[in-house]
2 protein chains.
Amino acid sequence: MEYVAPVKDMRFTLEHVAGLADLARLPGLENAEAETVAAVLEEAAKFAAGVLSPLNRGGDQHGAKAENGVVRTAPGFADAYKKFVEGGWNGMPFPEVLGGGSMPWAVTMAAQEMVQSANLSFSLCPLLTQGAIDAIIAHGTDEQKAMYLPKMVSGEWTGSMNLTEPQAGSDVGALKSKAVPVGDGTYRISGSKIFITYGEHDMAENIIHLVLARLPDAPPGTKGISLFIVPKVLVNKDGSPGKRNDLRVVSLEHKLGIHASPTCVMSYGDNGDCIGYLLGAENQGMRCMFTMMNNARLSVGCQGLAIAERAYQQALDYAEQRRQGRHPGMNAEQHVSIIEHADVRRTLMLMRSLTEACRGLIYLNAAAIDRSHHHPDEAERKASKALVELLTPLSKSWSTDIGCEVASMGVQIHGGMGFIEETGAAQHYRDARILPIYEGTNGIQAIDLVTRKLPLNGGETVKALFAQIAGVVAETATADEGFTTIHANLDAALKSLSKASQWIGGQLARNPETALAGATPYLRAFATTVGGWLLAKQALAAKAEITKGGTDPYFTAKIVSARLFADQVLTSVDGLCRSATDGSASLADVTPELLRA
Amino acid sequence: MEYVAPVKDMRFTLEHVAGLADLARLPGLENAEAETVAAVLEEAAKFAAGVLSPLNRGGDQHGAKAENGVVRTAPGFADAYKKFVEGGWNGMPFPEVLGGGSMPWAVTMAAQEMVQSANLSFSLCPLLTQGAIDAIIAHGTDEQKAMYLPKMVSGEWTGSMNLTEPQAGSDVGALKSKAVPVGDGTYRISGSKIFITYGEHDMAENIIHLVLARLPDAPPGTKGISLFIVPKVLVNKDGSPGKRNDLRVVSLEHKLGIHASPTCVMSYGDNGDCIGYLLGAENQGMRCMFTMMNNARLSVGCQGLAIAERAYQQALDYAEQRRQGRHPGMNAEQHVSIIEHADVRRTLMLMRSLTEACRGLIYLNAAAIDRSHHHPDEAERKASKALVELLTPLSKSWSTDIGCEVASMGVQIHGGMGFIEETGAAQHYRDARILPIYEGTNGIQAIDLVTRKLPLNGGETVKALFAQIAGVVAETATADEGFTTIHANLDAALKSLSKASQWIGGQLARNPETALAGATPYLRAFATTVGGWLLAKQALAAKAEITKGGTDPYFTAKIVSARLFADQVLTSVDGLCRSATDGSASLADVTPELLRA
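Residues numbered from 1 in each chain as written. Chains lettered and ligands numbered in written order. Predicted model: local features only at pLDDT ≥ 70, side-chain atom pairs only at ≥ 80, totals over all residues. Heavy atoms only, no water.

1. Observations regarding the overall build of chain A
Secondary structure summary: chain A contains 21 helices and 12 strands in total. Seen through its principal axes, chain A has C-alpha atoms that stretch 80 × 60 × 60 Å. The proportion of buried residues among the 597 residues of chain A is 63%. Counted over contacts in chain A with a minimum sequence separation of 6, partners at least 24 positions apart contribute 75%. Working note: accessible area of chain A is about 20500 Å², and carbon and sulfur atoms make up 54% of it. Across chain A, the mean location of the 54 positive side-chain charges is 3 Å away from that of the 64 negative side-chain charges. (Helix = DSSP H or I, 4+ residues; strand = E, 2+ residues; numbered from the N terminus. Buried < 20%, exposed > 50% of the residue type's maximum accessible area, 1.4 Å probe, protein only. Contact = heavy atoms within 4.5 Å. Areas by Shrake-Rupley, 256 points an atom, 1.4 Å probe, with all protein chains shown as cover. Lys, Arg positive; Asp, Glu negative; His and termini not counted. Charge placed at Lys NZ, Arg CZ, Asp CG, Glu CD.)

Spelled out as structure tokens, the structure:
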């Protein structure tokens, strides 16, 4: 079945979690007034359902193919990309002066979610371009901006990010690619890169590679890395295409999923003539990379959400269609849809509430990016920036874990048919599995949360967030009886989380290994509590709509979703917190030798 | 890397959990004395590592192929199967009078785990044969036994189980295949079956299909189903091969995993001449199927354990080899193995303790089967039979969920390489995903636990098990300080589980939907507590070995494994119990309409 964008829930979340009305009042985001956003999302929904979703299954089966330095994407992809560019979708979050749409990241994220749900493999191409645009906006010279940005914002040219080398994955500082200045302001780049998403393809006329490399005599590690613009086709001063640069795709990886997204092994400077242009200052490459990282991590988190939504839709559809078993009292020849079975309904609602919780987190995170850029008040900008820092590892990590888990539940709903590739449920399961890995493994996100985000502003950022959650705990106390469990379980979760946070914060200075030992369960506890908070917040808003006379069953569904999350998911927080704080003693004993014993 | 059977842990578990020494004293199980078992397991380990493991990756890539009614298994499979038969592995648990090895199921399970770890796709063929043998032993006439069993026990002929039809998966009663008596004692079978594992292949000279079908005028539903022996090649009275029966493979499914195991669409009686022989009484097919079900479900649980073990070995190997990152104070050009990183070690030990907990459960369950058959005391046999009934849904469900989860952790340890098929970690992740589905989905296991197993013998079976767990809680209280967390967390888990069990038991009569609403988290809580108990029991045994002067670091590893399980996994039990008991209110509100809202 084809994807149908959940526009209603997206708009509800944008309104009640991201605060869209407030965003639209910020200078530079005036385009985001309600009617425009609604129209944009309806258009995006049509594009995702009508153009991208039908290519998803074929893309998986066909994959991208490399032959003699050319990568052919799956049938229909190049044409769909052309339509993507023509629709102006690529430039949505970028300033109008660059040809973009000046839309908030929160709204962009909703459109991005649609593209990702419809076709995860396709969505990676614009995602990489987006990252490259961010880097050039932040660190490029005026000349570089003028030369590359217009065609990248439009999407006519795409971008790629070249970090990883065989010996340098998470440890970026170990990379060995070289950049030698030749005296005319340009550099000669040489080296091999792996895992380069859309490093080569047939969907655009040029690819602007951003490549991390070392200058001669650069200091070792991350302090000796510089970032370079390395176009596939060199660009003449007048903007016309120049000669083909000395770089090539060597091969594509054979992957578990996202088959239609070419994951390239790239070689730069085989003939000693690969021309690169320094982006930002020498040896500041890591800093430049960090500029993009928050956005990229959030976008990957959004992919987790997107796969969860798609898996939910597919499972719901199957559960409605598939007839099997019966209610007590029915005769043996009668059958009900499997959605009538308690365990199936439980799983479906769990899938839905997990998905909605992720949507809340991702859109909130995106809105914080918008406020950090556009809020007129500096203190607000700073606080929003800090919130972005805090939420990003949660968005990336939790949403991608949930993406995998919900995709797995989707397979399970299908029974034996879920294991058969034709059904399509298995593709989501395979596609989702990269998400907890790339853009910083989820283990690294947990370390980031504990070591860098927890202590932000002396702990004030976390405290401020907890205060907001406590506010909703208080509100749910006085709401009607439908909120009893929500109130009790969110309250309990926040208390456990606060206690664990204090404990870990206290360990950080004295005994960092102890703090790190529990990083993974701590992140899960943190994100789960945030998810429960955002669902409770939306349930209160839905309740208000009902009180105002709203009769859409969607409002009831919001409340039920929050309650199911409270009694099925928030219940895990206390145990996770105990694992986070009590596990260091065992872990200290886990030596490499013991693991072999 | 090739699989290495964890013989040391298998033997330790057989000794301290399955009670191997006691089993060997039971009439009919005298072959299981310690030295023989040790020798058998060493041989099995060699066979698994040397013959089966090297075919696993190629089997995945090549798959089984159907062409004009012939199924060709992957290169090497037919030869390996020949060696499997020659080694006598197929007959291990069956009586010596039938040509078997008269080994306990507990020991057989260890050998079976090795075969499954080494090559899951291969292992399915003997598994299906085993089920068919069980059915013929239990329900066959003397003539049928004499005609089929010797060659099936030896493995020269294999078996298949034909239940599923397109409209009849979990709802077996909905099947439509027909069996018409022709007056000479035989039947003519017609119908289509799907998901038939090893329904056709080139590894044996004959395949004995067991087929569920309906007699004319049979009552509807499960009460009108009969079981038939339908040989691929009919067998003459003298045992020589007769004519080819009228049945054929139509096609193979294209699956997410276990590519080398042919999953067949079968057609019976295309030419009206498919001869079948009634097995057991008319309309008693479901009862016959249930005979096999406990064994089959336990074996599938063992597959979950087996995949977890394999994934652990592969991840441990990678974590030792892969160098990335450094300790504080090391310079930028130095690197450590990733096993040095806290999060990686935590994940590896978690994988290991989950695997060991499953091993305990599976072997305990198998030993209970042995006692239920061989114990001289009838009350003991009955109690053991009840324990088998209770443990089987836990073994099937929890071990297969753990198989998927540990395989996923294995992918994660590999980072980006985990997503690349060449690495092999992804194959385990794909292969494992069928396990929670087949032989009764895990949702069905949870319903079985709550509705049929919890009330067994008026709740006495559960009570007796909890008393055993309480015994280990008491023992850990007086053990040394390494057992503090184990004691506290097992005690807390048992208390939560007991309370939840009482509550659910109370709901069952009054309000079955309410009891069912929490079946899935309840099963998880139950199995987790049992897993924690069995690890604690082994940790106490390891402690005793150390006290006696044992210096093998394996003993320390057992204690650390139990402790890590206590503080990372047992901590989840209370929350799961709360989800199980508090979730019914939300679930009652989850209507199919609301899921669409």
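2. Here's the deal with the layout of surface pockets
Space inside the second largest pocket adds up to approximately 800 Å³. Every residue lining the second largest pocket is counted, 37 residues in all, and those nearest its centre are His254(A), Lys255(A), His259(A), His254(B) and His259(B). Sorting the residues of the lining of the second largest pocket by element identifies helix H4 (56-62) and strand E1 (65-67) of chain A together with helix H4 (56-62) and strand E1 (65-67) of chain B as the ones contributing at least two each. (1 Å grid on protein atoms, 1.4 Å probe; cavity = no way out; pocket = protein on both sides within 12 Å on 5 of 7 lines; lining within 4 Å. Points joined across faces, edges and corners; volume = space filled by probe spheres on them.)

3. Focus: the interface of chain B and chain A
Facing 87 residues of chain B, the contacting portion of chain A comprises 88 residues. Taken together, both faces of the contact between chain B and chain A bury some 7900 Å²; the carbon and sulfur share is 58%. Sorting the residues of chain B by area buried against chain A places Phe419(B), Tyr429(B) and Leu595(B) first, and these three jointly supply 10% of that buried surface. The tally of links from chain B across to chain A stands at 10 salt bridges. The partner of Asp171(B) in a salt bridge is Arg326(A), and the shortest N-O contact between them spans 3.0 Å. At the boundary of chain B and chain A, one finds 48 residue pairs in polar contact (both at pLDDT 80 or more). Residue classes in the side of chain B that touches chain A are distributed as 37 nonpolar, 25 polar and 25 charged. (Buried area = accessible area lost by both parts, 1.4 Å probe. Salt bridge = Lys/Arg side-chain N within 4 Å of Asp/Glu carboxyl O. Polar contact = N/O pair within 3.5 Å; in protein donor to acceptor, adjacent residues only side chain to side chain. Nonpolar A, V, L, I, M, F, W, Y, C, P; charged D, E, K, R; others polar.)

4. What about the side chain of Asn119(B)?
Residue and element names in this part refer to chain B. Inspection of the secondary structure assignment puts Asn119 in the loop between helix H6 (105-118) and helix H7 (120-139). Overall, Asn119 belongs to the buried group, its relative accessible area being 1%. A polar atom in the side chain of Asn119 sits 3.1 Å from the backbone nitrogen of Phe122. Not counting the four nearest positions on each side in its chain, Asn119 is found in contact with Leu52, Leu55, Asn56 and Phe77.

5. Some details on the pairing of strand E6 (residues 206-213) of chain B
Residue and element names in this part refer to chain B. For E6, a buried count of 8 out of 8 residues is recorded, marking the element as mostly surrounded by other parts of the structure. Side chains Asn206, Ile208, Leu210 and Leu212 of E6 all project onto a buried face; the interleaved residues Ile207, His209, Val211 and Ala213 project onto the opposite face, where all are buried too. Here strand E3 (residues 157-162) runs beside E6; their pairing, made up of 6 bridges, is parallel. If you follow Asn162 over to E6, its bridge partner there is Val211. (Pairing = 2+ DSSP bridges.)

6. Examining the environment of Phe77(A)
All names here are of chain A. With respect to the secondary-structure elements, Phe77 resides in helix H5 (residues 77-86). Taking the C-alpha atoms as reference points, Phe77 and Ala174, separated by 97 residues in sequence, lie 35 Å from one another. Once residues within four sequence positions are removed from consideration, Phe77 is found in contact with Leu55, Gly59, Asn119, Ser121, Phe122, Tyr198, Met203 and Ala260.

7. Concerning the UniProt feature "domain: Acetyl-CoA dehydrogenase-like C-terminal" (unreviewed entry) in chain A
Sites flagged by UniProt as "domain: Acetyl-CoA dehydrogenase-like C-terminal" (unreviewed entry) map to residues 466-590 of chain A. Across residues 466-590 of chain A one finds 85% helix and 0% strand; the C-alpha atoms that close the span lie 34 Å apart. (UniProt positions renumbered as here; feature names shortened; annotations may be inferred.)

8. Remarks on the pattern of salt bridges
Applying the stated criterion across every chain, the model contains 70 salt bridges over all chains. With a closest N to O distance of 3.0 Å, Lys193(A) and Glu165(A) form a salt bridge. In this pair, Lys193(A) is assigned in strand E5 (residues 187-197) and Glu165(A) in the loop between strand E3 (157-162) and strand E4 (178-181), connecting sequence segments 28 residues apart. Residue classification places Lys193(A) among the buried residues on the basis of a relative accessible area of 0%. Of the charged contacts in the structure, one is a salt bridge between Glu113(B) and Arg359(B), with a shortest N-O distance of 2.6 Å. Separated by 246 residues along the polypeptide, Glu113(B) in helix H6 and Arg359(B) in helix H10 (residues 342-374) bring together distant segments of the chain.

9. Things to note about the packing of aromatic side chains
Two measures describe an aromatic ring pair: the distance that separates the ring centres and the angle between the ring planes. Residue and element names in this part refer to chain A. A complete count under the given rule lists 31 aromatic pairs over all chains for this structure. Here the aromatic rings of Tyr522 and Phe526 are separated by 5.8 Å at their centres, their planes lie at 80°, and the arrangement is edge-to-face. Here Phe526 and Tyr522 lie together in helix H17 (residues 519-547), a separation of 4 residues that amounts to about one turn. For the pair Tyr522 and Phe526, a shared accessibility class is recorded, and that class is buried. Grouped by ring-pair contacts, the aromatic residues Phe47, Phe77, Tyr81, Phe84, Trp89 and Phe122 constitute a single cluster. (Phe/Tyr/Trp six-rings, centres within 6.5 Å; stacked < 30°, edge-to-face > 60°.)

10. Notes on the relation of the copies chain B and chain A
Taken as rigid bodies, chain B and chain A are interconverted by a rotation of 180° and an axial shift of 0.0 Å, the fit giving an RMSD of 0.0 Å. Considering both components of the superposition, the chain copies are consistent with a two-fold axis. Counting the interface residues of chain B, we find that 100% of their copies in chain A are interface residues as well, pointing to one common contact surface. (Least-squares fit on C-alpha atoms with pLDDT ≥ 70 in both.)

11. Quick notes on empty space enclosed by the protein
Under the criterion given, the structure shown has 5 cavities of 30 Å³ or more. What lines the largest cavity is a set of 16 residues, and nearest its centre among them are Phe84(A), Trp89(A), Gln112(A), Val115(A) and Gln130(A). Of all elements in the fold, only helix H3 (34-52), helix H6 (105-118) and helix H7 (120-139) of chain A reach the threshold of two or more residues within the lining of the largest cavity. Per-element tally for the lining of the largest cavity: the top contributor is H6(A), with 5 residues. Here the lining of the largest cavity is composed, by residue class, of 10 nonpolar, 6 polar and no charged. Taken as a whole, the second largest cavity spans an internal volume of roughly 150 Å³. Lining the second largest cavity are Phe84(B), Trp89(B), Asn90(B), Met92(B), Thr108(B), Ala111(B), Gln112(B), Val115(B), Ser123(B), Pro126(B), Leu127(B) and Gln130(B). When contributions to the lining of the second largest cavity are tallied by element, the ones reaching two or more residues are H6 and H7 of chain B. Taken together, the residues of the lining of the second largest cavity break down into 7 nonpolar, 5 polar and no charged.

12. Notes on the packing of helix H9 (residues 285-321) of chain B against helix H12 (residues 425-432) of chain B
Residue and element names in this part refer to chain B. At a minimum axis separation of 10 Å, H9 and H12 run at an interaxial angle of 165°. As far as their axial angle goes, H12 and H9 are roughly antiparallel. The two elements H9 and H12 cross, and the hand of that crossing is left-handed. Contact residues: H9 offers Ile307, Arg310, Ala311 and Gln314, while H12 offers Ala425, His428, Asp431 and Ala432. Of the residues belonging to the contact of H9 with H12, the class tally is 4 nonpolar, 2 polar and 2 charged. (Axes fitted to C-alpha atoms, helices over the stretch in contact; angles between N-to-C directions. Parallel < 35°, antiparallel > 145°, perpendicular 65-115°, else oblique. Left-handed = near helix turned anticlockwise from the far one by under 90°.)

13. A word on unusual backbone geometry
Keep in mind that most residues, glycine aside, have a negative phi and that most peptide bonds are trans. Positive phi values are uncommon outside glycine, yet Ile258(A) reaches one of about 35°. A residue is classified by how much of its surface remains accessible, and Ile258(A), at 3% relative accessible area, is buried. For Phe195(B), which is not glycine, the phi dihedral falls at a positive 60°. Inspection of the secondary structure puts Phe195(B) in strand E5 (residues 187-197). Under the relative-accessibility criterion, Phe195(B) is labelled partly exposed at 23%.

14. Brief notes about helix H11 (residues 378-413) of chain B
Spacing of three or four residues puts side chains on the same side of an α-helix, whose turn is 3.6 residues. Residue and element names in this part refer to chain B. Spanning 36 residues, H11 covers 49 Å between terminal C-alpha atoms, matching the ideal 52 Å at 1.5 Å per step. Leu391 marks the point of greatest bend in H11, at about 35°, and the proline Pro393 comes within the next four residues. Of all the 36 residues making up H11, 26 are buried; the element is thus mostly covered by neighbouring parts of the structure. (Expected span 1.5 Å × (residues − 1). Bend = angle between axes of the 7 residues up to and from the residue.)

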